[in-house]
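Okay, here's what each chain looks like letter by letter:
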Amino acid sequence: MSVIELRFVRQAARLAVVASSLVLTCAPSTEAQPLPRVEGPLTIEQAVELARDKSIRVKASDADSRTMDSMRREALASFWPQASANGYFNDQRMAPNVYTSAGNTMARNYQVFNADQTRDGNLTLMYPIFSGGRDYYGYKAAAARADAARHMLKGTELDVAMQARLDYIAVLRESENARVTGELLRDVDERLRVGREMFEAGRAPRYYLLRDEAELANVVQMDATAHSPVEMALVALKTTLGIDLASPITLADKLEFTPVALSIDEGIRQASDTHPDLKAAVKQREAAAAEVRAAYGNYFPQVAVGYMYDWAWMKNRSWESQADGLRSSGNNSEGYSVGVVVTLPIFDGFARENAVKTAKAKLDKAVQSEGLVRQQIAKDVNQAVLLLTAAEKSVEASRKGIEQSDEEFRIVKQRFGAGRGIQLESLDAQVMLTRARFNAVAALADYNSALAMWLKATGRVR
């Protein structure tokens, strides 16, 4: 390697390092951002909005949406003139040689150099006049996919909103279960106190006292383990919300029964109008249809206009002479060229035919996918209505169960305290009351969960 070549390589390396530094400086940070910290009471609607704003799933889907929108703008490039400036320095021992623009530059320039030494400056412009509709329908497909990505973002927000509701309800469910266990602990402790007084007064046998003490130890263990599911449910909720797991949040809402009017036909109609998953599927089908039409564009003539301005300095060693004591320094030339190129594809090894078949197959898949989405929406709406109907009946039944069990426990407790009842009656009544309380919590949680599924099935965040 010569000294000049070595210097050139070193200079190119320095330029590459500088370019890389500029790219790294201008590029956005790729490090993971810390999760936000939230404090204080949180309602279920605030949790939904927080999830839509902070959820990592939503942020990832938003990045996909922005990617597809950039690809839509990329598809517009076919409608703009393409220009490139090119410079050539050539020293050769064999002619002619063909040189072209470096990299993937558009519009590409090609030069044929015949002289031994050539210096050339060139400006090339190209503009497509007709592409058989390939560029137009390619843009329509890109635009439809960008719209589909926006609807997919809305669909992700819808999924995250439902998950936030379900996780919020799960925390309420576990918290209520822990409360029921705490009430059971207080009841057993009170029964043990009464039993101890009765034993000391000689009104109850010792095995009553031993049974109550064993029952208290069992309930204490239940109460200790009842708080772990609450913390686990809180971790799941914070993960869905996209916040720091150490955030000290409290839930402001309670499990409540709010009756809603249900109609399968109305739910399907509303979902057909608003559900983002269906809108995304429709746009995907439109994009696939546009791609079929774009594939047919390869059968039409392709027309483009080109303009080129060129300046060149050329020198051949055969031109050198000592005539009159002078040496020729070479020839200069400059000028422009304008032309129209028409290309009619004739045969390309059946590439066009297979491209059309591929596009049609993708269109058929998009049509079937849209049908699956419609089918899934109808299924989700029907299931949500059935779950809500069953949960509503369960809530009503659990309310009656609590009223009856509470009254039975009150009567049995009074009888036992007065010495007219036996311990087994008290234990059975307490077990029934505790079971009724757990059933009521489960019924309310199931109802609110089914309501969250109903909102998602009909394409609504709230």
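All values reported here derive from a predicted model rather than from experimental measurement.

What the rule picks out here adds up to nine aromatic pairs. Summarising the aromatic geometry, the rings of Tyr-99 and Phe-113 are spaced 5.5 Å apart at their centres and angled 40° between planes, so their arrangement reads as tilted. With a gap of 14 residues between them, Tyr-99 in strand β3 (residues 97-100) and Phe-113 in strand β4 (residues 110-113) connect regions that are remote in the sequence. We classify Tyr-99 as partly exposed; its relative accessible area is 31%. In this structure Phe-113 comes out as buried when scored by relative accessible area, which is 4%. An aromatic cluster of at least three residues, connected via ring pairs, comprises Tyr-88, Tyr-99 and Phe-113. For the cation-ring pair, Arg-119 lies above Trp-313, with the distance from its terminal atom to the ring centre recorded as 4.9 Å.

Turning our attention to the sheet that holds strand β2 (residues 82-91). Ordered by their spatial adjacency, four strands build an open sheet running β2-β5-β7-β8, and the pairing between neighbours is antiparallel. Looking at strand neighbours, the two that pair on one side only are β2 and β8 (331-343), the edges of this open sheet. For this sheet, the mean angle separating the axes of adjacent strands, direction not counted, is 15°. Relative to strand β5 (residues 117-130), β2 is paired through 10 bridges, and the arrangement is antiparallel. Pairing of Asn-90 across the sheet is with Thr-118, part of β5.

With 88% of its residues at a pLDDT of 70 or more, the chain has an overall mean of 84. The spread of mean pLDDT over the elements of the chain runs between helix α1 (residues 3-26), the lowest at 45, and helix α7 (residues 276-296), the highest at 94. In the model, residues 322-328 has pLDDT below 50 throughout and makes five contacts with residues more than four positions away in sequence or in other chains.

To continue, consider the pattern of salt bridges. Under the defined criterion, the tally for this structure stands at 27 salt bridges. Notably, a salt bridge pairs Asp-91 with Arg-93, separated by 3.1 Å at the nearest N-O pair. Between Glu-370 and Arg-374 there is a salt bridge; the shortest N-O distance is 3.0 Å. One end of the pair, Glu-370, and the other, Arg-374, are both in helix α8 (residues 351-417), four residues apart, so they sit about a helical turn from each other. Glu-370 gets classed as buried once you look at its relative accessible area, which sits at 8%. Counted as one network, the salt bridges with shared partners bring together Asp-69, Arg-72, Arg-73, Asp-147, Arg-150, Lys-283 and Glu-286.

As paired strands, β5 and strand β7 (residues 302-315) are joined by 13 bridges and run antiparallel to one another. Counterpart to Tyr-127 in the pairing with β7 is Val-305. Bridge count between β7 and β8: 13 bridges; the pairing is antiparallel. Bridging from a neighbouring strand, Gly-306 pairs with Gly-339 of β8.

Cut-offs used in this document
Numbers given for residues are sequential positions, taken from 1 along each chain in its written order. Note on the predicted model: pLDDT of at least 70 is required for a residue's local features to be given, and 80 or more for side-chain atom pairs to be given and counted; whole-chain, interface and lining totals, by contrast, use all residues. Here the side-chain values reflect all heavy atoms present in the structure, with hydrogen atoms and water set aside. Whether two aromatic rings pair depends on their centres lying within 6.5 Å, for rings of Phe, Tyr and Trp, where Trp uses its six-membered ring; planes under 30 degrees apart make the pair stacked, over 60 edge-to-face, and the rest tilted. Strands here are runs of E lasting at least two residues and helices are runs of H or I lasting at least four, both read from the DSSP assignment and numbered beginning at the N terminus. The buried label applies to any residue whose accessible area, calculated with a 1.4 Å probe on protein chains only, is under 20% of its type's maximum; exposed applies above 50%, and partly exposed to all values in between. A ring is considered to have a charge above it if a Lys NZ or an Arg CZ atom is located within 6 Å of its centre and within 35 degrees of its normal. Pairs of strands are assigned from DSSP output, requiring at least two bridges between the strands. Axis definition: a line fitted to C-alpha atoms, limited for helices to the stretch in contact. Angles are taken between N-to-C directions and run from 0 to 180 degrees. Residue-level confidence of the predictor is summarised by pLDDT, bounded by 0 at the bottom and 100 at the top. Contacts between residues were defined by any pair of non-hydrogen atoms, one from each residue, lying within 4.5 Å. A pairing counts as a salt bridge when a side-chain nitrogen of Lys or Arg comes within 4 Å of a carboxyl oxygen of Asp or Glu.

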